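# Observations on the three-dimensional arrangement
Here is how the chains run, residue by residue.
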Amino acid sequence: MRGRAVRRPKHVITSQSSGYTPVETKLEGIHMNSSFEKVRLVEPVSSGYVHLMAEVDSRLPFLPASSTKRDLLKECKRQCSELERRSDVKSAVTFRAILIPPGRGEFLKRRPGKVHVAKFDVVILIETNTVEDAERLRQSDIFFKIEERVREAAHYLRVITASNVKRIGSVDHKRDGVFLFNYFFADDTDQNLAVWEYTAGWFQQESGLDNSTVLLPNHTQDSEYNIINHCRWDHLRNILPSLLFKRSFRSYVLTNFNANNVAAIPILYKLA
């Protein structure tokens, strides 16, 4: 079948991620297309994550940064270098936003005011050895110092701890590229994860995506977003033309998000 909306049988979500219990959920009105296969996954890692998200400049992210933002990025990079000396930290990376790409879809319009529409222009992602390490780091003096420094400069700030619930492959932070943080808002997290497996298959096929780490917040009260997808491409030309010019991005990816009450809020970044 091609280009036809049909109901799918119940789909079982499975994950080895710490703190996540698989449940059975049903995908609604999946828009089937025989050209796109479900995503190919590897086992999640047992790492923990601390993710800081901030809006510093009110201007669009691809315009020149303010002096406040430039100074903040330098300080965050320095603090992340210190964090990477800790035995419980695998990596600590600062990112600066470069572009808000297409992909938000229609679901946000049906839930006005229910979620902050992310425009994070400065974010930090810290990977720790375990989920427990992430929780301890979140409460540590060194992280409190980073958070307070960002809070001074930002007009909006959120911090979450998370685990890895789905994974295509590890995201390479050792070299620059184009990094995606996709903030998902949905009526149901399990349905969000289930439909993500289908739409991520489109990205694997149409953009050559070979890496992705899906973060599941540890505490729902701390996060407006159900899941956060993080991945990388080498260049903008590897991803942006697919979003702009391939009709199947809207007819397959965005249609399936909308049918399952899922909204993606994507932002593209470079290493700071």
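Quick note: structure is the one above.
Residues numbered from 1 in each chain as written. Predicted model: local features only at pLDDT ≥ 70, side-chain atom pairs only at ≥ 80, totals over all residues. Heavy atoms only, no water.

### Description of helix H3 (residues 131–138)
Buried within H3 we find Val131, Asp133, Ala134 and Leu137. The arc that holds every buried residue of H3, seen down its axis, measures 155 degrees, which confines them to one face. Of the surrounding secondary structure, the elements contacted by the buried residues of H3 are strand S5 (48–55), helix H1 (67–83), strand S6 (89–99), strand S7 (122–128), helix H4 (141–153) and strand S8 (156–169). (Buried < 20%, exposed > 50% of the residue type's maximum accessible area, 1.4 Å probe, protein only. Helix = DSSP H or I, 4+ residues; strand = E, 2+ residues; numbered from the N terminus. Arc of directions from axis to C-beta. Contact = heavy atoms within 4.5 Å.)

### Quick notes on the packing of aromatic side chains
One pass over the full model with this rule turns up 15 aromatic pairs. Judged by centre distance (5.5 Å) and plane angle (75 degrees), the ring pair of Phe184 and Phe257 falls under edge-to-face. One end of the pair, Phe184, is in strand S9 (residues 178–186); the other, Phe257, is in helix H7 (residues 247–259), and 73 residues separate them in sequence. Exposure remark for Phe184: the relative accessible area of 1% places this residue in the buried category. (Phe/Tyr/Trp six-rings, centres within 6.5 Å; stacked < 30°, edge-to-face > 60°.)

### What to know about helix H5 (residues 189–207)
Residues that lie three or four places apart on an α-helix share one face, since the helix turns once every 3.6 residues. The terminal C-alpha atoms of H5 lie 25 Å apart, and with 19 residues this matches the ideal 27 Å at 1.5 Å per residue to within 8%. Glu197 marks the point of greatest bend in H5, at about 30 degrees. Summarising burial for H5: 17 of the 19 residues are buried, a large majority. Here H5 starts with a cap whose side-chain oxygen sits 3.1 Å from the backbone nitrogen of Asp190, and that cap is Asp188. Positive backbone phi, approximately 70 degrees, marks Gly208, located one or two places after H5. (Expected span 1.5 Å × (residues − 1). Bend = angle between axes of the 7 residues up to and from the residue. Polar contact = N/O pair within 3.5 Å; in protein donor to acceptor, adjacent residues only side chain to side chain.)

### Notes on the environment of Ser248
In this fold, Ser248 is placed in helix H7. Taking the relative accessible area as the measure of exposure, Ser248 reaches 14% and is therefore buried. Considered as a pair, Ser248 and Trp202 are 46 residues apart in the sequence and their alpha carbons are 8.6 Å apart. Not counting chain neighbours up to four residues away, the residues in contact with Ser248 comprise Phe36, Trp202 and Val253. For Ser248, the side chain forms a polar contact with the side chain of Trp202, separated by 2.8 Å.

### Points about the sheet that holds S9
Strand order in the closed barrel formed by 8 strands is S5-S7-S6-S12-S9-S11-S10-S8, with antiparallel pairing between adjacent strands. If you compare each strand with its neighbour and ignore which way they point, the axes differ by 35 degrees on average. With 8 bridges joining them, S9 and strand S12 (residues 262–271) adopt antiparallel strand pairing. Opposite Ala186, over in S12, you have Val262 as the bridge partner. Relative to the sheet, H3 contacts S5, S6, S7 and S8, its axis offset from that of S5 by approximately 40 degrees. (Pairing = 2+ DSSP bridges. Axes fitted to C-alpha atoms, helices over the stretch in contact; angles between N-to-C directions.)

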